[in-house]
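Residues per chain are reported as follows:
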Amino acid sequence: MSRSKTEIGEIRYNAVEQCFEALVTFHGTTGTRRVPSSFHAPLDTEFETVGKALLQTAMTRINRPEQIRSRLEKAPAPLPKPQPSAFDWQAFLHATRAA
């Protein structure tokens, strides 16, 4: 999947598991994919280290078949509105004059 943008959601610390957790979102040409990620580390770990580790974990998990993830496919482009033909305008103008 081609990744044009990646976002790490709200990072939380799970004290029971002693790990950081976040939802990582990958935006690509085919749609959006979200993968949960976790990183086992003490609470005083540097923020930059946590962010990089969460991203790396999500990237390794994204294509695993057993991994929980969500996927939002891009909606197809809407069809253009049909433009009235010259005949339609002519009929409209005649109808308004007759009324």
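Bear in mind that the values here come from a model prediction, so they are computed numbers and not experimental data.

**Q** Before we move on, can you summarise helix α1 (residues 47-61) with the specific residues and values?
**A** Compared with an ideal rise of 1.5 Å per residue, which puts 15 residues at 21 Å, α1 spans 21 Å between its outermost C-alpha atoms and is within 8% of the ideal. Every buried residue of α1 is listed here: Val50, Gly51, Ala53, Leu54, Thr57 and Ala58. Along the axis of α1, the buried positions cluster into a sector of 170°, meaning they face one direction only. Among the exposed residues of α1, those oriented more than 90 degrees off its buried face are Glu48 and Lys52.

**Q** Describe in detail the pairing of strand β4 (residues 31-40), supporting the description with residues and values.
**A** Two elements, strand β3 (residues 19-28) and β4, share ten bridges in a ladder whose sense is antiparallel. Directly across from Phe26, in β4, lies its bridge partner Arg33. With antiparallel pairing between neighbouring strands as the criterion, β3 and β4 make up a hairpin whose turn holds two residues.

**Q** Lay out the packing of aromatic side chains in plain terms, naming residues and giving numbers.
**A** Counted under the stated rule, the structure contains one aromatic pair. Summarising the aromatic geometry, the rings of Tyr13 and Phe20 are spaced 4.8 Å apart at their centres and angled 65° between planes, so their arrangement reads as edge-to-face. Under the relative-accessibility criterion, Tyr13 is labelled partly exposed at 26%. In this structure Phe20 comes out as buried when scored by relative accessible area, which is 9%.

Reading guide: rules and limits
Residues numbered from 1 in each chain as written. Predicted model: local features only at pLDDT ≥ 70, side-chain atom pairs only at ≥ 80, totals over all residues. Heavy atoms only, no water. Helix = DSSP H or I, 4+ residues; strand = E, 2+ residues; numbered from the N terminus. Expected span 1.5 Å × (residues − 1). Buried < 20%, exposed > 50% of the residue type's maximum accessible area, 1.4 Å probe, protein only. Arc of directions from axis to C-beta. Pairing = 2+ DSSP bridges. Phe/Tyr/Trp six-rings, centres within 6.5 Å; stacked < 30°, edge-to-face > 60°.

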